[in-house]
Amino acid sequence: MGIKGFQTFIEQKLGLLNAIELHNCNVLFDGNSIYHQMYKECHLTCLFGGEYDKFYLYCKQLFESFRLCQINVIVVFDGARLDDRKLATTLERSKKRIDYSTKLSVNIDLSPLLLRQTFLNVLDEMNIPYISALGEGDDECVSLANHLNCYLIARDSDYYCYNLYQGYVPFDYVDINPIEKDSYHYLSAQLFTIDSLLNQFPGLNPSTLSLACCLCGNDYIATHVVQTIFNHIMETVTKGMNKRSKKTVRTTHWYAMQWMKQFDDIEIALEKSLEPIKTTGEKIKIENKLRSALQSYLNPSDTLIYRFASLTNEHLLKNSYFVDLAREYLQIFHMNDEEIRNKINEDSLQIKSKSNHSLPTYLFDALTDLRLSESFIEILIHRRLICSAMVELEQEASIHVDAIPIILPCIAILLKWDDEQDDQSIVIYHRVVKQLRACKYSPGEDDEIMNLNQLNSLSSLKREKLVCKCLNISFIPQKEYAHIHSDYYLWLMSIHYWYSIRQLKPVYLYGIIISFVKSICLINDDTYEKEDIDSLSLSINDKRNYTQIEPETRRTILLKLKQMRKKVFDLNKFDCSIIHEFNCLQTIYVNTLKVNEFFNRPFQYQIPAYRFLIGSFFYAFVEHYETKQNVNEAIAVLFQKESKLLNLINKLYTTISSDIDF
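To keep things clear, this report deals only with the structure shown in the data block. Quick caveat: nothing in here was measured; it's all calculated off a predicted structure.

This brings us to the overall build of the protein chain. Looking only at helices and strands, one finds 27 helices and 11 strands in the protein chain. Relative to its length of 662 residues, the protein chain is compact, with a C-alpha radius of gyration of 27 Å against a globular reference of 26 Å. Projected onto its principal axes, the C-alpha positions of the protein chain cover 80 × 65 × 55 Å. A total of 662 residues make up the protein chain; the buried ones form 58% of that total. When contacts within the protein chain are restricted to residue pairs at least 6 apart in sequence, those whose partners lie at least 24 apart make up 76%. Of the accessible surface of the protein chain, which amounts to about 28,800 Å², a share of 45% is contributed by carbon and sulfur atoms. Taking the average location of the 71 positive side-chain charges in the protein chain and that of its 83 negative ones, the two points are 6 Å from each other.

In structure tokens:
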């Protein structure tokens, strides 16, 4: 949720953080909070759409440091928006993103769209367990951290209000560079425990602390809603105030806690706090809002622990140490496998669609295992999606407009399943000029719309065809791409869709292709094995993609590309049209991944963003080469006329553009 100013109050006004050595311990990451904060910690610009290659390396360094320090890590992500309590806050934040989206600055703060996917790529590569909550993840993070004896690491002021047994470690106080001491390594960090805060206000307890935080305003309760209450609190506390108390700590949080510490019981505290509200209807409305917000702190949801006993969440079961801890906890309840599965289903069945149907449990299994986008759950519940603006051309349509049609066939399947609504349309919020607009979309009434419950029984080939249909691909990839490794299929189709629908100059396509070739062929090591193998026939991760090129040639080309990329940071003016097209590709690729997941991944390999979506490099390449009269010759010079690399670039270009005519 986030309590405005509370972080500063705890860390700077009261100074309640204490130094700690992290080693040989368990930590739980709030995934959504962490990857956004990590991007900022890297000091990476958001201007060009995302520096995913550098972000990927930083994430790897982080988890390698944790591994060296013998720290067990588990990550929990947010799920779907299950209710509308945060709708007003979410829409307000989306409007602010649009305000920023047309302002070009290296310091622009618009989190790139594929940070989570890149973060997940690292977790998979390093075999780190993770799971998604059904809804917002804060509650589940707290419950799971307490069950698994974890420090909770995040960057969210709400965690200062929770009763975390091991404590809360703010991420930006973690030094990711291991320190060697005696015979072990550790990470330097700062720890907060709730007792340190309660001791500052004798009489305050975890329940009344939670109410104090709610009265300060958060994502669920706007400050103006409780302003009358707070005016009364400040007046009352000021009258009985000890003049010796420091003025520097007298924030709204301080007044709320001074008020609350006189009450032992949360019900009495709530009743007394509501007294200034004279209108019965208004009092009931505010009381309901406060009680709803309090539940998150006092009774955090606790569903994920049961999924350790389920085989449907394979990403959760990667660390046997956590699995053993979880199952040891579950043994207390003497539940057999069937009872645990029933408990999991019971929690899921309480979530209803727009037509008041219980959603299929297999959707939640896929959601919690991050094999299904939360967008599809939100469509079933709310008939609504909210799209995030990036750097965009104000006079152009939103970067999401060309990507939205990709997911409409999936949405049609969902609406057919939930078929009691007369209006088979949805609302998608995205930018229109400089405003956030609710735009209506109708997925269509195709008689051939699949039955949702039949999807998992379809053959891989039929599911591939469904993905192809979403991307307007009429051919069968196995035939059209017969000479190409299957790792490329989904990526090629997504780039084809982008290049075709955006009707771009060839230099834009070359920019993406060369970004990709750079990541798989220009590896800086001394291995060299002279072979005559077509790189397109190899897996993306096959070392022969680069060992066929002489090391010195690789280094020379890599240096040229690095210098070209570096120059963009010295520019004073930027061409927003280049960034706009890059961000259009991002939204298209995001939705390509969503439909592939929706149809249960018929295309198994999904090329990670850090392999080809490198914002500043793409900008540098297009900006430099779009004025060249002969782009092919210029690229040949750039690549030292190395035939293997030029053949790969040209084959990819021809494959993607072969049936496009504009």
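Here the narrative resumes.
Okay, the pairing of strand β2 (residues 26-30) next. Burial runs high along β2: 5 of the 5 residues are buried. Judged by which residues are buried, β2 turns out to be covered on both faces: Asn26, Leu28 and Asp30 on one side and Val27 and Phe29 on the other are all buried. In this sheet, strand β3 (residues 72-77) lies alongside β2 in parallel orientation, the contact comprising 5 bridges. If you follow Val27 over to β3, its bridge partner there is Val73. Both β2 and strand β5 (residues 150-154) contribute to a ladder of 4 bridges, which runs parallel.

Here we take up the pairing of β5. Working note: regular strand, side chains alternate between the two faces of the sheet. Of all 5 residues making up β5, 5 are buried, and the element is well covered by its neighbours. Side chains of β5 alternate between two faces, with Cys150, Leu152 and Ala154 and Tyr151 and Ile153 buried alike.

A few words now on helix α16 (residues 374-382). By the criterion of burial, α16 is predominantly enclosed, with 8 of the 9 residues buried. Turning to α16, its buried residues are Ser375, Phe376, Ile377, Glu378, Ile379, Leu380, Ile381 and His382. Looking at the packing, one finds that the buried side of α16 touches α15 (361-368), β9 (384-386), α17 (404-417), β10 (426-432) and α24 (576-598). The N-cap of α16, judged by a side-chain oxygen 3.0 Å from the amide nitrogen of Ser375 a few residues on, is Ser373. A positive backbone phi angle near 55° is found at Arg383, which sits one or two residues after α16.

The next point concerns the sheet that holds β2. Taken in spatial order, the 5 strands line up as β4-β3-β2-β5-β6 in an open sheet, and their pairing is parallel. For this open sheet the edge positions go to β4 (130-132) and β6 (168-170), each flanked by a neighbour on one side alone. For this sheet the average axis-to-axis angle between neighbouring strands, irrespective of direction, equals 25°.

So, about the sheet that holds strand β7 (residues 179-181). The sheet built from 3 strands is open, its strands ordered β1-β8-β7 with antiparallel pairing. Looking at the sheet topology across the chains shown, the edges are occupied by β1 (18-22) and β7. Across the sheet, the axes of successive neighbouring strands diverge by a mean angle of 45°, strand direction being ignored. Strand direction decides the pairing type here: β7 and strand β8 (residues 184-191), joined by 3 bridges, are antiparallel. Bridging across to β8, Ile179 finds its partner in Tyr186.

Taking a probe equal in size to a water molecule and rolling it over the atoms shows the remaining empty space. If you walk through the whole model with that rule in mind, you get 2 cavities of 30 Å³ or more. Lining the largest cavity, in full, are Arg81, Leu87, Glu378, His382, Arg384, Leu385 and Ile386. For the lining of the largest cavity, the secondary structure elements donating two or more residues are α16 and β9. Take the lining of the largest cavity: its biggest share by element is 3 residues, from β9. Along the lines of polarity and charge, the residues of the lining of the largest cavity split into 3 nonpolar, 1 polar and 3 charged. Looking at the second largest cavity, its volume works out to about 40 Å³.

A few words on the nonpolar core. One finds Phe29, Phe119, Trp491, Trp498 and Phe639 to be the most contacted residues of the largest nonpolar core, which totals 170 residues. It is α24 that provides the largest number of residues to this core, a total of 12 residues. Here Phe639 is in contact with Ile514, Val517, Leu522, Ile557, Leu645, Leu646 and Ile649, once residues within four sequence places are set aside. Core analysis: the next-biggest nonpolar cluster, separate from the first, contains 76 residues, Cys141, Leu148, Leu164 and Trp259 among them.

With that out of the way, let us pick up the side chain of Ser33. Mapped onto the elements of the fold, Ser33 is located in helix α2 (residues 31-41). According to the relative accessible area criterion, Ser33 is buried, its value standing at 13%. In contact with Ser33, other than residues within four places in its own chain, are Ala154, Arg155 and Asp156.

A few words on unusual backbone geometry. Glycine aside, the phi torsion of most residues is negative, and most peptide linkages are trans. Positioned with a positive phi, Asp182 is a non-glycine residue whose angle comes to about 55°. Here Asp182 is to be found in the loop between β7 and β8. Taking relative accessible area as the criterion, Asp182 reaches 68% and is therefore assigned exposed. Positive phi outside glycine occurs at Gln503, with the angle close to 50°. By the secondary structure assignment, Gln503 is in the loop between α20 (489-502) and α21 (506-521).

With that settled, consider the environment of Leu408. By secondary structure assignment, the location of Leu408 is in helix α17. Overall, Leu408 belongs to the buried group, its relative accessible area being 13%. Leu408 sits 102 residues away from Tyr306 along the chain, and the two C-alpha atoms are 34 Å apart. In contact with Leu408, other than residues within four places in its own chain, are Tyr441 and Pro443.

Taken as a whole, this structure holds 33 salt bridges when the rule is applied. Here Arg371 and Asp369 are joined by a salt bridge, their closest N and O atoms 2.9 Å apart. With a relative accessible area of 30%, Arg371 lands in the partly exposed category. A salt bridge links Asp418 to Arg383, with the nearest nitrogen and oxygen atoms 2.9 Å apart. Of the two residues, Asp418 sits in the loop between α17 and β10 while Arg383 sits in the loop between α16 and β9, which places them 35 residues apart along the sequence. With respect to class, Asp418 is no different from Arg383; both count as buried. A single network of salt bridges, built from pairs that share partners, joins Glu396, Asp402, Arg502 and Glu581.

Let us look at the packing of aromatic side chains. Scanning all chains against the criterion turns up 38 aromatic pairs. For the pair Tyr159 and Tyr168, a centre-to-centre distance of 5.5 Å together with 40° between the ring planes defines the contact as tilted. In this pair, the class of Tyr159 matches that of Tyr168, namely buried. When the ring of Tyr499 is compared with that of Tyr653, the centres are 6.5 Å apart and the planes differ by 65°; the resulting orientation is edge-to-face. With a gap of 154 residues between them, Tyr499 in helix α20 and Tyr653 in helix α27 (residues 643-657) connect regions that are remote in the sequence. Taking the relative accessible area as the measure of exposure, Tyr499 reaches 3% and is therefore buried. Judged by its relative accessible area of 17%, Tyr653 is buried. Among the aromatic side chains, those forming a connected cluster through ring pairs are Phe6, Phe9, Tyr159, Tyr160, Tyr162, Tyr168, Phe192 and Tyr297. Taking NZ or CZ as reference, Lys518 lies 5.8 Å from the ring centre of Phe617, over its face.

Conventions and cut-offs
- Residues numbered from 1 in each chain as written.
- Predicted model: local features only at pLDDT ≥ 70, side-chain atom pairs only at ≥ 80, totals over all residues.
- Heavy atoms only, no water.
- Helix = DSSP H or I, 4+ residues; strand = E, 2+ residues; numbered from the N terminus.
- Rg over C-alpha atoms; globule rule 2.2 N^0.38 Å.
- Buried < 20%, exposed > 50% of the residue type's maximum accessible area, 1.4 Å probe, protein only.
- Contact = heavy atoms within 4.5 Å.
- Areas by Shrake-Rupley, 256 points an atom, 1.4 Å probe, with all protein chains shown as cover.
- Lys, Arg positive; Asp, Glu negative; His and termini not counted.
- Charge placed at Lys NZ, Arg CZ, Asp CG, Glu CD.
- Pairing = 2+ DSSP bridges.
- Polar contact = N/O pair within 3.5 Å; in protein donor to acceptor, adjacent residues only side chain to side chain.
- Axes fitted to C-alpha atoms, helices over the stretch in contact; angles between N-to-C directions.
- 1 Å grid on protein atoms, 1.4 Å probe; cavity = no way out; pocket = protein on both sides within 12 Å on 5 of 7 lines; lining within 4 Å.
- Points joined across faces, edges and corners; volume = space filled by probe spheres on them.
- Nonpolar A, V, L, I, M, F, W, Y, C, P; charged D, E, K, R; others polar.
- Core = buried A, V, L, I, M, F, W, Y, C linked by side-chain atoms within 4.5 Å.
- Salt bridge = Lys/Arg side-chain N within 4 Å of Asp/Glu carboxyl O.
- Phe/Tyr/Trp six-rings, centres within 6.5 Å; stacked < 30°, edge-to-face > 60°.
- Lys NZ or Arg CZ within 6 Å of the ring centre and 35° of its normal.

By themselves, these observations are geometric and do not establish any function.
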